[in-house]
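# Chain and residue survey
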Amino acid sequence: MIGNDVIDIIQSRKESNWQRKGYLQKIFTSQEQLLISNAPDPEIMVWLLWSMKEAAYKIYNRQTKIRAYIPQKLICSIISLNHDYSSGTVNCAENSYYTKTFIAPETLHTIAVQSLDSLNNVVEIENKNIIKDISGIPYLTSSLSNTFQDVSISHHGKFEKVVTIRPAF
Amino acid sequence: MNKEELIAQLKVIIKPYTTNTEAYDNLTEETDFINDLNINSANLVDIILDIEEAFDVVIDNTDMERMLDVKTSVEIIETKLAAK
């Protein structure tokens, strides 16, 4: 299974005031709040952690069919972080997800998967031949093999990303 | 405050975060914040903070989990107001 989340930083500045009183406390654990307050660029850390939660939640929702607003239950750990890339994990109840995030000046894109191996097999694809089930969960259809493949779509502001895990041959 | 008044006040709160004006104009108890009103999930927390300020209540994490639509939000606010 796969989940992703893209953030348009310019758009987020118009939509969200993360410095608002109480905002960070509602969505981030105390450990995550420490990561934000100690970060050289707190704004990037806010959206890095948020996109990790969103990408992981998409898998959790696909797995469990549970719909809930549970940002504090999606617990992020950062494994590596540099100016253009980060890797990490998100834990939710008994589930663990692995994430990687591409960081550019105006955008962040996080991809979450269930096994570390799959992270290397994630590919970006075009937004076509995608259908959604009644829960709104998207699948890539293949007319050749008559199969449905897990796919994740995210758009924010001027960015859209569609990702899937390349099947093993 | 009756339910109609409560929904009217909630409607004022969610307006700035709504991008789907048609769904907003036709808002009912069944309206879903994300699926119907296209509210960004990062703005759900703003709605929760605005509700806390407007109604002088505290929305804890357990309540927050369910605040995805008008009906549930109204129920939670009513319960909080009744407990005051």
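Now for a description of the structure that goes with this document. Residue positions are given per chain, counted from 1 along the sequence in the order it is written. Working convention: letters from A go to chains and numbers from 1 go to ligands, in the order in which they are written. This being a predicted model, a pLDDT of at least 70 is required before a residue's local features are given, and a value of 80 or more before pairs of side-chain atoms are given or counted; all residues contribute to the totals for chains, interfaces and linings. Side-chain metrics rest on all non-hydrogen atoms present in the structure, leaving aside hydrogens and water.

## Describing the overall build of chain B
Helix and strand counts for chain B stand at five helices and zero strands. Secondary structure elements are taken from DSSP: a helix is a run of H or I of four residues or more, a strand is a run of E of two residues or more, and numbering for both begins at the N terminus. Starting at the N terminus, the α and β elements of chain B follow one another as α-α-α-α-α. Compactness check: chain B gives a C-alpha radius of gyration of 12 Å against a globular reference of 12 Å for 84 residues, within 12% of the reference. Taking the principal axes of the C-alpha coordinates as reference, chain B spans close to 35 × 25 × 20 Å. Per-residue burial over chain B gives 50% buried out of 84 residues. Computed with the Shrake-Rupley method and a 1.4 Å probe, the accessible areas treat only the protein chains shown as cover for residues. As presented, chain B carries roughly 4,200 Å² of accessible surface, and 47% of it is formed by carbon and sulfur atoms. Within this scheme the basic residues Lys and Arg register as positive and the acidic residues Asp and Glu register as negative, but His and the chain ends are omitted. Where a charge sits is defined by one atom per residue type, namely NZ (Lys), CZ (Arg), CG (Asp) or CD (Glu). Averaging the locations of the 7 positively and 19 negatively charged side chains of chain B gives two centres separated by 4 Å. For this measure, only C-alpha atoms enter the radius of gyration; the expected value for a globule follows 2.2 Å times N^0.38, where N is the number of residues. Accessibility here uses a 1.4 Å probe with only protein chains present; expressed as a share of the type maximum, an area under 20% marks a residue as buried, one over 50% as exposed, and anything in between as partly exposed.

## Comments concerning the nonpolar core
Side chains that are nonpolar tend, in soluble globular proteins, to be buried together. Buried Ala, Val, Leu, Ile, Met, Phe, Trp, Tyr and Cys residues that are joined via side-chain atoms within 4.5 Å together make up what is termed a nonpolar core. Core analysis: the largest hydrophobic core is formed by 62 residues, its most contacted members being Y23, W47 and Y69 of chain A together with I51 of chain B. Here this core takes 13 residues from helix α4 (residues 42–64) of chain A, the largest share from any one element. Between two residues, a contact is recorded if the distance between any of their heavy atoms is within 4.5 Å. In contact with I51 of chain B, not counting residues within four places along its chain, are L10, I13, D56, V57, I59, M67 and I77 of chain B. Counting residues in hydrophobic clusters, the runner-up holds six residues, among them I111, V113, V122 and V163 of chain A.

## So, the pattern of salt bridges
All names here are of chain A. Within this document, salt bridges are pairs made up of a side-chain nitrogen of Lys or Arg and a carboxyl oxygen of Asp or Glu, the two lying within 4 Å of each other. Tallying each qualifying case throughout the model produces 15 salt bridges over all chains. E32 serves as the salt-bridge partner of K53, at 2.8 Å between the closest nitrogen and oxygen. Remark: E32 occurs in helix α3 (residues 30–38) and K53 occurs in helix α4; sequence separation between them is 21 residues. Like E32, K53 is buried.

## As for the pairing of strand β5 (residues 107–113) of chain A
All names here are of chain A. In terms of burial, β5 is largely enclosed, as seven of its seven residues are buried. Of the two faces of β5, the one holding T107, H109, I111 and V113 and the one holding L108, T110 and A112 are both buried throughout. Two strands qualify as a pair provided DSSP detects at least 2 bridges between them. As paired strands, strand β1 (residues 2–8) and β5 are joined by seven bridges and run antiparallel to one another. Residue pairing across strands places I7 opposite L108, the latter belonging to β5.

## Observations regarding the interface of chain B and chain A
Counting residues at the interface gives 21 residues for chain B and 19 residues for chain A. Buried area: the sum, over both parts, of the accessible surface (1.4 Å probe) that disappears when the two are put together. Both faces combined, the contact of chain B with chain A buries some 1,700 Å², and carbon together with sulfur accounts for 49% of it. Along the contact surface separating chain B from chain A lie six salt bridges. In this structure, R20 of chain A and D46 of chain B form a salt bridge, with 3.0 Å as the shortest nitrogen-oxygen distance. For the purposes of these results, a polar contact is taken to be a pair of N or O atoms within 3.5 Å, where, inside protein, one atom must be able to donate a hydrogen and its partner to accept one; residues adjacent in sequence count only when each atom of the pair is a side-chain atom. Counting the contacts that link chain B with chain A gives 15 residue pairs in polar contact (both at pLDDT 80 or more). Among the elements that line the side of chain B that touches chain A, the one with the most residues is helix α3 (residues 41–55) of chain B, at 11 residues.

Any link to function would need more than the numbers given here.
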